[in-house]
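If you want the building blocks of each chain, they are given just below.
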Amino acid sequence: MTQDSFENAFVGKIDFQPLAEDETVATAAQRTLRQIQLRELMTEHLYGAIPALPDNVHVSRQSVADEKAEHLTIKISVAGRQFEVDAILWLPPGLDEPCPLICGMDFIGPVGLLNSLDIPIDPNARISSRPIYGAHDNRITETLRGVSAYRWPVSMLLNAGYAVLVSCYGSWVPDDASTWRKHGLYPLLDCQNHPPTGTISLWAWAIQRLLDAAATCNEIDDSRVAVAGHSRLGKAALWAAANDSRIGAVFASNSGCGGSAPAAHPVGETLAQMAERFPHWTIAHDGSQPLNLPFDQHHFLSLIAPRAVYLSHAKADLWADPIGSYLAFQKSSEFWKPGRTKDWNWPSPHEIWKSLGKVSNGPLGFHLRTGGHDILPYDWQHFLNFLEAQERPNGV
């Protein structure tokens, strides 16, 4: 591929199915009605159902030796069945009033964020493989202690005044097509006897339970909550926000297919490829004909309106289709129009691609950086700047 054809492919100048027009949402009431319709369609055709609330969520807290962190044990009860999972909580120093929260899932979780031997390894967790660190068979091992710390720059977040709550996604639901029904949420929630679901929906349910856990902490202002996730966990964070109005802001890094990247833009991973590699993430669907689905990912993003959404992408991460995600984000902004008094500025895809552009349109933020598929302190700093702007009058 020549440089010119390469650039054309990824900034949207090739022919592609235009993102579908949607019904006019001139009022907040029209928007809410359309969001209900779209959420039902996405549940039925792709993600599956997010299960009902549990009977009880109990949280115990214990300080971690030599760390400014607390080990949370979250115990969940459903119809007499019990499930227990770990999380880590950090609180900013010098608190004199409840603080806002950033929470989410990490690929390794508490073990990956701290070196402390006080953090137990979950033998039932199954995660994305980490053989480069000596961990095989999708299991968490001692060699993974601390390796995720750069993905959650806790000191930066604490210095900005946020509490941080993180758990391991593979402890809630094994990220493994052969075992995901055997441990964690699937048996807890008796999913085999309920409408079909996939792990993206179950991870979204898990994020909601982290919000429940946070609500038990008097130090946290549960009216000021943001969730964050990278890659498949960005998909889950977006879907959690689409289904839970407690989430005031969501940050999705390189969420790609099934996240922010639309099927209509033929770049990167497809739904068929995702279903072949990770059949447990979604319910059965005809991924070979994604354009026959009654929605695309701009509809997915629109479910979060009028709350805040921030997307980050990387120029070398073509598999996650950064420009397609930008186009979907721009299209979804129609759902933020009710009550808005001024137009927003959306630079052209070429400008974004060539300049590594950043966009800040009130509650919608986006940046494209150099590098590949990861979430970096650089990305977090831009998200924190975005959140700070949301706190100002009129978001300016």
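Structure shown above.
The notes below deal with the structure included here. Keep in mind that this is a model prediction, so the values were computed, not measured. (Residues numbered from 1 in each chain as written. Predicted model: local features only at pLDDT ≥ 70, side-chain atom pairs only at ≥ 80, totals over all residues. Heavy atoms only, no water.)

**Details of the pattern of salt bridges**
In this structure the tally under the stated criterion is 12 salt bridges. With a shortest N-O distance of 3.8 Å, Arg 277 and Glu 269 are connected by a salt bridge. Three or more residues joined by partner-sharing salt bridges are found here, namely Arg 209, Asp 212, Asp 244 and Arg 246. (Salt bridge = Lys/Arg side-chain N within 4 Å of Asp/Glu carboxyl O.)

**Topic: the environment of Ala 28**
Residue placement: Ala 28 occurs in helix H2 (residues 28-47). The spacing of Ala 28 and Lys 337 is 309 residues in sequence and 8.9 Å in space, taken between C-alpha atoms. (Helix = DSSP H or I, 4+ residues; strand = E, 2+ residues; numbered from the N terminus.)

**Notes on the packing of aromatic side chains**
Aromatic rings considered in pairs are described by the distance between their centres and by the relative angle of their planes. If you walk through the whole model with that rule in mind, you get 19 aromatic pairs. Note on Phe 251 and Phe 383: the rings are 4.7 Å apart at their centroids and 20 degrees apart in plane angle, and the pair reads as stacked. Linking Phe 251 in strand E7 (residues 249-253) with Phe 383 in helix H13 (residues 377-391), this pair joins segments that are 132 residues apart in sequence. The class for Phe 383 is buried, based on a relative accessible area of 0%. Aromatic pair Trp 380 and Phe 383: ring centres 6.2 Å apart, planes at 65 degrees, arrangement edge-to-face. Remark: Phe 383 and Trp 380 occur in helix H13; sequence separation between them is three residues, near one turn of the helix. (Phe/Tyr/Trp six-rings, centres within 6.5 Å; stacked < 30°, edge-to-face > 60°. Buried < 20%, exposed > 50% of the residue type's maximum accessible area, 1.4 Å probe, protein only.)

**Let's talk about the pairing of strand E2 (residues 70-78)**
Most of E2 is tucked away, with eight of its nine residues classed as buried. Where strand E1 (residues 56-63) meets E2, eight bridges bridge the pair, whose relative direction is antiparallel. Bridging from a neighbouring strand, Asn 56 pairs with Ser 77 of E2. Count of turn residues in the E1/E2 antiparallel hairpin: six residues, of which Asp 66 carries a positive phi of about 65 degrees. Pairing analysis gives nine bridges linking E2 to strand E3 (residues 81-90), with the strands arranged antiparallel. Its bridge partner lying in E3, Leu 72 is registered against Ala 87. (Pairing = 2+ DSSP bridges.)

**Notes on H13**
Taking 1.5 Å of rise per residue, the 15 residues of H13 would be expected to cover 21 Å, and the 21 Å separating its terminal C-alpha atoms lies within 8% of that figure. Looking only at H13, the buried set comprises Asp 379, Trp 380, His 382, Phe 383, Leu 384, Phe 386, Leu 387 and Ala 389. (Expected span 1.5 Å × (residues − 1).)

**Here's the deal with unusual backbone geometry**
Backbone torsion omega between Ala 305 and Pro 306 reads 10 degrees, so that peptide bond is classified as cis. Position of Pro 306 among the secondary structure elements: in the loop between helix H10 (297-302) and strand E8 (308-314). Even without glycine at this site, Asn 138 takes up a positive phi of about 60 degrees. Mapped onto the elements, Asn 138 comes out in the loop between helix H3 (110-113) and helix H4 (154-159). One non-glycine residue, Leu 356, adopts positive backbone phi at about 50 degrees. Here Leu 356 is to be found in the loop between helix H12 (349-355) and strand E9 (358-361).

**Regarding the side chain of Ser 260**
Mapped onto the elements, Ser 260 comes out in the loop between E7 and helix H9 (271-277). Taking relative accessible area as the criterion, Ser 260 reaches 0% and is therefore assigned buried. Among the polar contacts listed, one links the side chain of Ser 260 to the side chain of His 313, at a separation of 3.2 Å. Ignoring any residue separated from it by four or fewer positions in sequence, one finds Ser 260 in contact with Leu 238, Ser 255, Gln 297, Leu 301, Leu 311, His 313, Gly 324, Ser 325 and Ala 328. (Polar contact = N/O pair within 3.5 Å; in protein donor to acceptor, adjacent residues only side chain to side chain. Contact = heavy atoms within 4.5 Å.)

**Regarding the environment of Arg 277**
For Arg 277, the position within the fold is in helix H9. Linking Arg 277 and Ala 177, residues 100 residues apart in sequence, is a C-alpha distance of 9.0 Å. Discounting chain neighbours no more than four positions away, the residues touching Arg 277 are Glu 269 and Trp 319.

**Thoughts on helix H7 (residues 199-215)**
Over its 17 residues, H7 runs 24 Å from end to end, which matches the ideal 24 Å to within 8%, given 1.5 Å per residue. The buried fraction of H7 is high, at 15 of 17 residues.

**Observations concerning the nonpolar core**
Grouped together as the largest cluster of nonpolar side chains are 126 residues, with contacts concentrated most on Trp 90, Ile 102, Trp 152, Trp 172 and Leu 185. A total of 11 residues in this core trace back to one element, the largest contributor, which is H7. In this structure, Ile 102 is in contact with Trp 152, Leu 157, Tyr 162, Ala 163, Val 164, Leu 165, Ala 226, Ala 228, Trp 380, Phe 383, Leu 384 and Leu 387, ignoring residues within four places of it in sequence. (Core = buried A, V, L, I, M, F, W, Y, C linked by side-chain atoms within 4.5 Å.)

**A few points about the pairing of strand E5 (residues 163-168)**
If a strand is regular, its side chains alternate between the two faces of the sheet. Among the six residues that make up E5, six are buried, leaving the element largely enclosed by the rest of the structure. Burial along E5 is two-sided: the face carrying Ala 163, Leu 165 and Ser 167 and the face carrying Val 164, Val 166 and Cys 168 are both buried. By the bridge criterion, four bridges tie E3 to E5 in an arrangement that is antiparallel. Bridging from a neighbouring strand, Ile 88 pairs with Val 166 of E5. Pairing of strand E4 (residues 99-106) with E5 involves six bridges; the strand directions are parallel. Residue pairing for E5: Asp 106 is matched across the bridge by Cys 168.

**Considerations on the packing of H2 against helix H8 (residues 232-243)**
Where H2 meets H8, the axes come as close as 11 Å, and the angle between the chain directions of the two elements is 145 degrees. In terms of crossing hand, the pair formed by H2 and H8 is left-handed. Side by side, H2 and H8 meet where Arg 39, Met 42, Thr 43 and Tyr 47 of the first sit next to Trp 239, Ala 242 and Asn 243 of the second. Split by residue class, the contact of H2 with H8 holds four nonpolar, two polar and one charged. (Axes fitted to C-alpha atoms, helices over the stretch in contact; angles between N-to-C directions. Left-handed = near helix turned anticlockwise from the far one by under 90°. Nonpolar A, V, L, I, M, F, W, Y, C, P; charged D, E, K, R; others polar.)

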